[in-house]
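So the chains spell out like this:
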Amino acid sequence: MTTQDFQTRPLRRLSMAALACTLALPWAVHAQSSYPGKPVRVIVPGPAGSSADVIGRYWGERLQRALGQPVVFENRSGAAGNIGTHAVVTSPPDGYTLLYTVGNTTSLNPYIYPKLPYKVEDLVPVLRVLNVPYVMLASANSPYKTLADVVKAAQAQPRKLDYASYGVGGTPHVLMELFANTAGIELSHIPYKDIPLPDVTSGLVPILFEPATTAILQIKSGRMRGLAATTAKRIGALPDVPTLSETYPGLVAVSWHGLFAPRGTPPEIVNKVATELNRIVQTEEFRSRVRDLGLEPVGGTAADLQHYMVDDARLWSKVVKDNHIKAE
C-alpha cells in the first residue's frame, strides 16, 4: 500500500458514504415531514461526565424543544469509543439513533486500530458542534517555563524528556508527536491507563497535552503552568498562554465534537437535525457557554463536517504513519 493509499482510503469511503446518503428512499420526504414522531436517542461513546457527554446534554435539552420530542442520551463507553460507535452504525437508519462523538472516531481510530467494528463510511455527518483545543501543561514548580525551554531541553538530550498521555493512540499522544516532529525533537512517551495529571502536577513527568476544559482549571488553580495552546489564536480564557503557531507557523491541531447518523439515514432527516442543532450552536448563550470552557463553537452544515473530516483525517493519518503508532 502506498502512503497516499494509506492516507486517502478511508477518505474515499467517506465520499462513497456521502453519495449513498443522497440516494433517498421514496418515502424520504414523508419521513422528513413526520420526523420525529418519537424520542430520539443520542449515544455518547464515552463515560458520563466526559466533555462530549456534558456538552451533548446541554444542547440536547434545547434540541428536544426544537424537535418537539425527548432527546435521550445514553453512554456506551469503552474501546476508545468503538463500542458506542458500533451500536449506532448497526441501528436502523431512521434518525432515531444518533452518535455524538469526538474526532478520534473518524480521524484517528481508523488508522490506529487494525480492526474496527465500523467503517468511516458507516457514519453520515450531521454537524460539527465545536472544536476542542489542547494546552501543553507543566507543573507550576517545573523548570520549564516556556515552550522554548522544552525544545531546548529535548535538543540537549534526545528522547530523555518524558511526556505523559492518556494512552497510546489518543489525541494527547498523537498531538505531542506532531509537535515533536514539527520542532525537530525526540521525546519519550509515558502512556497512562488512568489519569496522568497528578504525576505532571508533582513534576514526576514533565509535560503533557490536556484538553482546554481541564487545563484552564489546572492553570487558574496555580497547580500547573500553560506553555502553549494548539489553536490558531490564543484561548480567550487563557490570554497569557501563547499558541504553538506563534513559534511554529501553521501548527494548529484540535479535536472536535460531531453528531452523526447511521449510513442510509434519509438526507432530509439529516438536514433537519443539522439545521435545528446549528441554530442552537449559533446562539450567544451556547457560544458563550462553550467559550467559557475553553472550547470553540463551530456549527455550519452536514456538508461542512464532511469536508472537514477529510482534511482532519489527512493530518492525523500522516502523524500516525510517520511515527508508527498502533493501538496496544
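First, a word on scope: everything that follows refers to the structure included in this document. (Residues numbered from 1 in each chain as written. Predicted model: local features only at pLDDT ≥ 70, side-chain atom pairs only at ≥ 80, totals over all residues. Heavy atoms only, no water.)

Looking now at the pairing of strand 5 (residues 134–139). In summary, the side chains of a regular strand alternate between the two faces of the sheet. Where burial is concerned, most of strand 5 is hidden: six out of the six residues are buried. Both strand 5 and strand 8 (residues 207–211) contribute to a ladder of five bridges, which runs antiparallel. Within strand 8, the position partnered with Val135 by the bridge is Glu210. Of the pairings in the sheet, the one linking strand 5 to strand 9 (residues 224–229) comprises five bridges and is antiparallel in character. Considered in strand 9, the bridge of Val135 is made with Ala229. (Buried < 20%, exposed > 50% of the residue type's maximum accessible area, 1.4 Å probe, protein only. Helix = DSSP H or I, 4+ residues; strand = E, 2+ residues; numbered from the N terminus. Pairing = 2+ DSSP bridges.)

On to the sheet that holds strand 1 (residues 40–44). One key point about sheets: their strands pair by backbone hydrogen bonds, in either a parallel or an antiparallel sense. Ordered in space as 2-1-3-10-4-11, the six strands form an open sheet in which the pairing is mixed. Here the strands that pair on one side only, and so sit at the sheet edges, are strand 2 (71–75) and strand 11 (296–297). Sheet topology places strand 1 next to strand 2; five bridges connect them, and they run parallel. Note on strand 2: the bridge partner recorded for Val40 is Val71. The sheet contacts of helix 14 (residues 302–322) involve strand 4 (123–132) and strand 10 (255–262), and relative to strand 4 the element is tilted by about 75°. (Contact = heavy atoms within 4.5 Å. Axes fitted to C-alpha atoms, helices over the stretch in contact; angles between N-to-C directions.)

In this section: the nonpolar core. Residues Trp59, Tyr100 and Phe179 are the most contacted members of the largest nonpolar core, which totals 69 residues. Not counting the four nearest positions on each side in its chain, Trp59 is found in contact with Val42, Phe73, Tyr100, Val129, Leu259, Leu277, Ile280 and Phe286. One finds Leu137, Ala164, Val205 and Leu208 within the second-largest nonpolar core, a separate group that totals 18 residues. (Core = buried A, V, L, I, M, F, W, Y, C linked by side-chain atoms within 4.5 Å.)

Okay, unusual backbone geometry next. Following Tyr35, the chain continues to Pro36 via a peptide bond in cis, the omega torsion being -5°. Inspection of the secondary structure assignment puts Pro36 in the loop between helix 2 (28–34) and strand 1. One non-glycine residue, Ala79, adopts positive backbone phi at about 55°. Inspection of the secondary structure puts Ala79 in the loop between strand 2 and helix 4 (82–89). Under the relative-accessibility criterion, Ala79 is labelled partly exposed at 46%. The residue His324 is not glycine, and still its phi comes out positive at about 55°. Taking the relative accessible area as the measure of exposure, His324 reaches 70% and is therefore exposed.

Okay, the pattern of salt bridges next. For side chains of opposite charge, pairing can occur when their charged atoms come near one another. Scanning all chains against the criterion turns up eleven salt bridges. Note that Arg62 is salt-bridged to Glu61, the shortest N-O span being 3.6 Å. Exposure remark for Arg62: the relative accessible area of 16% places this residue in the buried category. Judged by its relative accessible area of 44%, Glu61 is partly exposed. One salt bridge in this structure joins Lys318 and Asp322, with 2.6 Å as the shortest N-O distance. Separated by four residues within a single helix, Lys318 and Asp322 lie in helix 14, roughly one turn from each other. Asp322 gets classed as partly exposed once you look at its relative accessible area, which sits at 40%. Taken together, the shared-partner salt bridges in this structure form one network comprising Arg41, Glu74 and Arg76. (Salt bridge = Lys/Arg side-chain N within 4 Å of Asp/Glu carboxyl O.)

Among the secondary structure elements, Asn278 is positioned in helix 12 (residues 267–281). Looking at Asn278, the relative accessible area reads 17%, which means it is buried. In contact with Asn278, other than residues within four places in its own chain, are Leu127, Gly299 and Gly300.

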